[in-house]
Amino acid sequence: RTPLTPKFTKIKIPTKLSWSVKLSPDGKELALVSDKKLWKMPLSGNLGPDIPGTPVQVNTNGIEVEWSGLDWSRDGKWIAFNDYPKHNEKGEYIENQSILIVPSGGGEPKKITENYRSARVVNYRISLSPDAKRIAFSSIEDNKQHIFSTDIGNISPKQLTEIEAREPVFSPDGKYIAFVKDKNRGVDEGDLGLWVVSSQGGSPNKLADAGKASSPVWSPDGKMIAFLDYSKGKQINIIPFSGGKSTGKVISIEAPEGTEEVRLLAGWTPDNKIGALLASRIEFGLYTL
């Protein structure tokens with residue numbers, strides 16, 4: 001009978017974070033990119049539950065890592081990432097970007113595919129299937145962006161839907177892929193909602209309307225999907241899901257006071273916590289540790 005109130009816990013990470021961080025499936029580590037290197041950071045260290053432990057670099061055998069997309073396999077044994085392609089003097093890509101996977105303990109990365117995804121950060125988000133045998137991504141051809149999946153080791157990606165789309169994310173059982181509708185070159189810009197399609201492809205279903213949906217993440221049991229709506233930059237939205245369709249209304253959670261923007265959802269942990277990357281007003285202080 002008491003109204004539920006969300007509790008936000010700030011993790012005091014002593015480094016600048018990019019727009020791409022990803023919680024491990026058990027919720028105990030955060031994958032991040034710094035200085036073109038891949039790192040794992042324990043969320044809890046010796047100094048307290050809200051102060052991380054010592055970050056550990058994941059060996060990628062010298063391959064530079066681009067910060068725009070990361071994902072874990074469900075067993076935590078693999079991490080998928082984008083490499084850092086060559087740029088010109090204006091900072092524009094002059095070659096396609098490659099998607100690779102590497103053991104989460106480090107080792108020889110395996111190249112899965114390469115494609116063209118333009119320059120937007122959200123275009124580069126990728127998703128490993130729970131068994132780490134397939135990967136989903138978006139690609140741009142003929143000025144249109146669609147989502148694809150491919151078996152790792154197969155060089156023939158499969159387009160999943162005719163809708164222009166981005167940010168595909170496998171469900172925990174691997175049967176579905178949630179995704180975000182993309183702009184159709186000036187058409188449908190007011191309805192960039194959250195959709196779902198069979199992981200084998202086919203006719204998609206709309207789950208929720210949004211002015212500009214982004215960053216979908218599944219609950220561990222696959223019964224809910226959290227997502228952002230960049231047209232409402234200070235909310236986290238949750239939609240119930242079953243059998244390929246939404247089963248209720250969107251629940252919206254307001255971010256804490258002082259939040260400028262919720263930039264990314266980093267995952268959904270087994271103990272029912274949603275990781276969120278929040279941008280706050282810039283403040284300066286001097287600390288001792």
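Please refer to the structure placed before this passage.
Residues numbered from 1 in each chain as written. Predicted model: local features only at pLDDT ≥ 70, side-chain atom pairs only at ≥ 80, totals over all residues. Heavy atoms only, no water.

Taken as a whole, the second largest pocket encloses approximately 610 Å³ of empty space. Taken together, 40 residues form the lining of the second largest pocket, with Lys22, Asp71, Trp72, Val169 and Gly267 sitting closest to its centre. Elements represented by at least two residues in the lining of the second largest pocket include exactly β1 (22-23), β5 (65-72), β9 (127-128), β13 (165-170), β17 (213-218) and β22 (259-268). Counted by class, the lining of the second largest pocket contains 22 nonpolar, 13 polar and five charged residues. (1 Å grid on protein atoms, 1.4 Å probe; cavity = no way out; pocket = protein on both sides within 12 Å on 5 of 7 lines; lining within 4 Å. Points joined across faces, edges and corners; volume = space filled by probe spheres on them. Helix = DSSP H or I, 4+ residues; strand = E, 2+ residues; numbered from the N terminus. Nonpolar A, V, L, I, M, F, W, Y, C, P; charged D, E, K, R; others polar.)

Taking strand neighbours across the sheet as the criterion, the four strands line up as β5-β6-β7-β8 in an open arrangement whose pairing is antiparallel. Among the strands making up the open sheet, the edge pair consists of β5 and β8 (110-115). Between one strand axis and the next, the sheet turns through 25 degrees on average, direction left out of account. Note that strand β6 (residues 78-83) and strand β7 (residues 97-103) share five bridges and pair antiparallel. Bridging from a neighbouring strand, Ile79 pairs with Val102 of β7. (Pairing = 2+ DSSP bridges. Axes fitted to C-alpha atoms, helices over the stretch in contact; angles between N-to-C directions.)

With that settled, consider the environment of Phe179. Tracing the chain through its elements places Phe179 in strand β14 (residues 176-181). Owing to a relative accessible area of 0%, Phe179 belongs among the buried residues under this scheme. (Buried < 20%, exposed > 50% of the residue type's maximum accessible area, 1.4 Å probe, protein only.)

So, on to the nonpolar core. Membership of the largest hydrophobic core comes to 14 residues, with the highest contact counts inside it found for Leu194, Leu207, Trp218, Ile225, Phe227 and Phe241. Within the residue set of this core, elements represented by two or more residues are β14, β15 (194-198), β16 (205-208), β17, β18 (224-229) and β19 (235-242). Excluding anything up to four places from it in sequence, Phe241 contacts Tyr176, Val196, Leu207, Trp218, Gly222, Lys223, Met224, Ile225, Ser246 and Thr247. Within the second largest apolar cluster, 11 residues are counted, among which are Ala31, Trp72, Ile79 and Leu100. (Core = buried A, V, L, I, M, F, W, Y, C linked by side-chain atoms within 4.5 Å. Contact = heavy atoms within 4.5 Å.)

What follows concerns the pattern of salt bridges. Evaluated as defined, the whole model comprises 12 salt bridges. When salt bridges with common partners are traced through the structure, they connect Arg120, Arg125, Arg166, Glu167 and Asp182 into a single cluster. (Salt bridge = Lys/Arg side-chain N within 4 Å of Asp/Glu carboxyl O.)

Sheets are built from strands that pair by backbone hydrogen bonding, the pairs being arranged parallel or antiparallel. Ordered by their spatial adjacency, four strands build an open sheet running β9-β10-β11-β12, and the pairing between neighbours is antiparallel. Single-partner strands in this sheet number two, and they are β9 and β12 (158-159). In terms of strand pairing, strand β10 (residues 134-141) meets strand β11 (residues 144-151) through eight bridges, oriented antiparallel. Residue pairing for β11: Ser138 is matched across the bridge by Ile147.

A few words on the packing of aromatic side chains. Applying the stated criterion across every chain yields a total of three aromatic pairs. Residues Phe137 and Phe148 carry aromatic rings whose centres are separated by 6.0 Å and whose planes lie at 20 degrees to one another, so their mutual orientation is stacked. A residue pair is termed long-range when its members are at least 10 positions apart, and Phe137 in strand β10 and Phe148 in strand β11 qualify at 11 residues. There is no split in this pair, since Phe137 and Phe148 are both buried. A network of ring pairs unites the aromatic residues Tyr176, Trp218 and Phe241 as a single cluster. (Phe/Tyr/Trp six-rings, centres within 6.5 Å; stacked < 30°, edge-to-face > 60°.)

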